[in-house]
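Coordinates in review
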Amino acid sequence: MSQEPADCIFCDIINGDAPSTTIYSDDLVVSFMDIFPWGKGHCLVVPKEHAVTIFELSLEGAEAVMRAVHKIAPALKKALEPDGLNLFQANGRAAWQSVDHFHMHLVPRWENDGLRPPGTPTPADGAALSDIGEKIKSALG
C-alpha cells in the first residue's frame, strides 16, 4: 500500500477536504459522481486505502471495490435505465490512468451515445497466444 500523498484529490474527497457528490460510502470505499463524465451517471468507486494502481492495492481493498460496484450497478440501472454499463479501470499513464489513486469507473451506456471503443481488436496468432499464456501461467507460480 502506498502512503497517502499530500496532493491526491481522491484522498482529499475521502477525508472531506474536497467537495464531491457522494452516492455511497462504507468503511473501505467511497463512490461519487465523476466531474469529467463520459456520459450521464458516470461515477467512480474508490478505495479509502491509498494505492496508486491494482499492483499496490490490497486484496481487501480490491474486494471492497467490487462489492461496492456490485451494489451500485443495479442502482444505476434502476435509476437511469441505461442500455448497458461499462466498468473501466486503468493502471498507469500508458493505460490512461489520470488520477494516481486506484479507482473503478461505472459508465452507464445508451445505444448511439457516441462513445467508441479505445481500439480495434485484431485476430491473434495462436502460437503467440500460447507462448504468452504460458509465460503468464508461469508467473502465477
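Reference entry: report on the structure contained in this document. (Residues numbered from 1 in each chain as written. Predicted model: local features only at pLDDT ≥ 70, side-chain atom pairs only at ≥ 80, totals over all residues. Heavy atoms only, no water.)

A few points about the side chain of His-50
Structurally, His-50 can be placed in the loop between strand S3 (43-47) and helix H2 (59-80). The class of His-50 is buried, set by a relative accessible area of 5%. There is a polar contact of 2.9 Å between the side chain of His-50 and the side chain of His-101. (Helix = DSSP H or I, 4+ residues; strand = E, 2+ residues; numbered from the N terminus. Buried < 20%, exposed > 50% of the residue type's maximum accessible area, 1.4 Å probe, protein only. Polar contact = N/O pair within 3.5 Å; in protein donor to acceptor, adjacent residues only side chain to side chain.)

Observations concerning the nonpolar core
Ranked by size, the top nonpolar core spans 16 residues in total, and within it Val-29, Val-45, Val-65, Ile-72 and Leu-106 carry the most contacts. Counting only elements with at least two residues in this core, the list comes to S3, H2 and strand S5 (104-109). Among the elements that line this core, the one with the most residues is H2, at seven residues. Beyond its immediate sequence surroundings of up to four residues, Val-65 is in contact with Val-29, Val-45, Pro-47, Phe-102 and Met-104. (Core = buried A, V, L, I, M, F, W, Y, C linked by side-chain atoms within 4.5 Å. Contact = heavy atoms within 4.5 Å.)

Focus: the pairing of S3
Taken across its five residues, S3 has five buried, putting it largely inside the fold. Burial of S3 is two-sided: the residues Cys-43, Val-45 and Pro-47 facing one way and the residues Leu-44 and Val-46 facing the other way are all buried. Bridge count for S3 against S5 is three bridges, and the pairing is antiparallel. Counterpart to Leu-44 in the pairing with S5 is His-105. (Pairing = 2+ DSSP bridges.)

These figures capture arrangement, not role.
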